[in-house]
Amino acid sequence: MPDRVLRAIAQPTIDHRGPDFGVLGREVLDGLKRVFQTTSPVVIYPSSGTGAWEAAFVNTLSPGDRVLMFETGHFATLWRDLAVRLGLDVEFVPGDWRHGVDPRTVRDKLSADTDQAIKAIAVVHNETSTGATSRIGAIRAAMDEASHPALLFVDTISSLGSIDYRHDEWNVDVAISGSQKGLMLPPGLGFNAISEKALEASKSARLPRSYWDWQPMIRDNATGYFPYTPAINLLYGLREALTMLAEEGLPNVFARHVRFAEATRCAARGWGLELVCAEACEYSSTVTAVMMPKGHDADAFRKTALERFDISLGAGLGKLKGRVFRIGHLGDFNDLMLAATLSGVEMGLAAAAVPFARRGVSAALEFLARP
Ligand SMILES: Cc1ncc(COP(=O)(O)O)c(C=O)c1O
């Protein structure tokens, strides 16, 4: 999190029904549209990303509606569980947690659905648990090829503001996101970007909704206000983060993350450790999940690295518990921060007596130093 954002958050809280608040509200709502690359409405909840997942479903679907989801990893699985608890009829396409969603599977499943029972498909853009991204443009093309009217939901929680995400160009119906990753903020804000088609679907959707209802949000957002108390100080931070992203320019932000991810993979190769993501065209720009050598516990290594070098590495989640560690390289991050991160991993591997080759940091530095 950048100091600029933290300082912005520290400003005194203002009255969210007072005259000044509407200006802040409009600024962040408009700025977010630019980050989602959309002209459609974006709503902001005082919630974590999970709330924004729920909001996408309850605003657009009815009990028993069929939803096609894909087992790309831990977060896709949690999202499936949420859909099931809401009373949706989920088909969960099995996966090996090493790949994104295959657009051919989308095309084949939708083509076979001749009576159009499937009302929506839901895809996690960047699976934070595996470091595999799904190609949303290709998935949209597959849906078009099948000429299927299902809504497209995309979780952009660990991609927005760091991996190129094009809401309008890819014709996504509801994008779900959160404040705590590419937007460089603390947790506490959840977002939905909403297409015209999703708004239309919300008119007949029958899942119960109150707190998450888009209608009062969109009505009050027109003047920059909210139907209930917004997370005012996080909105100050959001305004600053949006300014920083605009100053750098989104294409530069995306390119910076691509480069950090490649340097991290150079390090993993140098260590002789395998990546979880098995497909080069699906490598994540924001997180790299690395397999531990057989017989070595990733959590024991993470504990050693934390205790010795104060470096907090991501745990293996769900099925990958104890088998992988994850290196995050997103947000307010630069070459030297990455160099320090990779050095911490290399020193931690040595301190935990994990068998590996000590060529990771040097390979990454060589890559980063290229003109
Ligand atoms: C891809 C993805 N989806 C959903 C979530 C859940 O979001 P939250 O923990 O903010 O509720 C996360 C959290 O890390 C995530 O990475």
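These figures come from a predicted structure and were not determined experimentally. (Residues numbered from 1 in each chain as written. Predicted model: local features only at pLDDT ≥ 70, side-chain atom pairs only at ≥ 80, totals over all residues. Heavy atoms only, no water.)

Would you mind going over the site of the ligand with me for this structure?
Contacts to the ligand come from Ser48, Gly49, Thr50, Trp53, Phe75, Val124, Asn126, Thr128, Asp155, Ile157, Gln180 and Lys181. In this structure, an oxygen atom belonging to the ligand sits 2.6 Å away from a side-chain N or O atom of Ser48. The separation between an oxygen atom of the ligand and a polar side-chain atom of Thr128 is 2.5 Å. The fraction of the free accessible surface of the ligand (390 Å²) that becomes covered by protein chains is 85%. The residue makeup of the shell around the ligand, split by class, is four nonpolar, six polar and two charged. (Near = heavy atom within 4 Å. Polar contact = N/O pair within 3.5 Å; in protein donor to acceptor, adjacent residues only side chain to side chain. Areas by Shrake-Rupley, 256 points an atom, 1.4 Å probe, with all protein chains shown as cover. Nonpolar A, V, L, I, M, F, W, Y, C, P; charged D, E, K, R; others polar.)

Even after reading the chapter, I still don't get the side chain of Asp220, so can you show me in this structure?
Residue position: Asp220 is located in helix 8 (residues 214–221). Taking the relative accessible area as the measure of exposure, Asp220 reaches 18% and is therefore buried. Beyond its immediate sequence surroundings of up to four residues, Asp220 is in contact with Tyr225, Phe226 and Pro227. (Helix = DSSP H or I, 4+ residues; strand = E, 2+ residues; numbered from the N terminus. Buried < 20%, exposed > 50% of the residue type's maximum accessible area, 1.4 Å probe, protein only. Contact = heavy atoms within 4.5 Å.)

I tried to follow the packing of aromatic side chains on my own but got confused; where do I start?
Two numbers describe a pair of aromatic rings. These are the distance of the centres and the angle of the planes. Per the counting criterion, the structure on display carries 13 aromatic pairs. Here the aromatic rings of Phe21 and Phe226 are separated by 6.1 Å at their centres, their planes lie at 75°, and the arrangement is edge-to-face. Pair noted here: Phe21 is in helix 2 (residues 21–36) and Phe226 is in the loop between helix 8 and helix 9 (232–248), with a separation of 205 residues, a long-range link. Take Phe21 and Phe226: they sit in the same class, and that class is buried. Centre to centre, the rings of Tyr211 and Tyr228 are 4.7 Å apart; their planes meet at 10°, and the pair counts as stacked. Highlighted residues: Tyr211 in the loop between helix 7 (196–204) and helix 8 and Tyr228 in the loop between helix 8 and helix 9, separated in sequence by 17 residues. Overall, the relative accessible area of 36% leaves Tyr211 in the partly exposed class. Members of the aromatic cluster, joined through ring pairs, are Phe36, Tyr165, Trp170 and Phe191. (Phe/Tyr/Trp six-rings, centres within 6.5 Å; stacked < 30°, edge-to-face > 60°.)

How should the layout of surface pockets be read in this particular structure?
Gaps left between atoms are located by rolling a probe of water-molecule size over the structure's atoms. Its volume calculated, the largest pocket comes out at about 360 Å³. Along the wall of the largest pocket there are 17 residues; nearest its centre are Ser312, Arg326, Ile327, Gly328 and Leu330. Of all elements in the fold, only strand 12 (324–328) and helix 12 (335–351) reach the threshold of two or more residues within the lining of the largest pocket. With three residues, the single largest contributor to the lining of the largest pocket is strand 12. Here the lining of the largest pocket is built from residues that sort into seven nonpolar, eight polar and two charged. The calculated volume of the second largest pocket comes to roughly 240 Å³. Considering the residues around the second largest pocket, the lining is formed by 17 residues, among which Thr133, Ile163, Cys281, Tyr283 and Ser285 are closest to the centre. If one sorts the elements of the lining of the second largest pocket by residue count, helix 10 (residues 250–271) sits on top with four residues. Along the lines of polarity and charge, the residues of the lining of the second largest pocket split into eight nonpolar, six polar and three charged. (1 Å grid on protein atoms, 1.4 Å probe; cavity = no way out; pocket = protein on both sides within 12 Å on 5 of 7 lines; lining within 4 Å. Points joined across faces, edges and corners; volume = space filled by probe spheres on them.)

Hey, could you run me through the nonpolar core in this one?
Core analysis: the largest hydrophobic core is formed by 85 residues, its most contacted members being Ile44, Phe57, Trp79, Ile121, Phe153, Leu183 and Leu238. Broken down by element, this core gets its largest block of residues, nine residues, from helix 9. Residue contacts for Trp79: discarding those within four places in its chain leaves Trp53, Phe57, Met69, Ala122, Val123, Val124, Phe153, Val154, Asp155 and Ile176. (Core = buried A, V, L, I, M, F, W, Y, C linked by side-chain atoms within 4.5 Å.)

Can you help me understand helix 13 (residues 360–369) in this one?
Three- or four-residue spacings in an α-helix give side chains the same orientation, since the helix completes a turn every 3.6 residues. If you check which residues of helix 13 are buried, you get Gly360, Val361, Ala364, Phe367 and Leu368. Seen along its axis, helix 13 keeps its buried residues to an arc of 125°; they face one direction. When the buried face of helix 13 is taken as reference, the exposed residues oriented beyond 90 degrees from it are Glu366 and Ala369. Contact partners of the buried residues in helix 13: helix 10 and helix 12. (Arc of directions from axis to C-beta.)

Everything listed is a geometric property; what it means functionally is a separate question.
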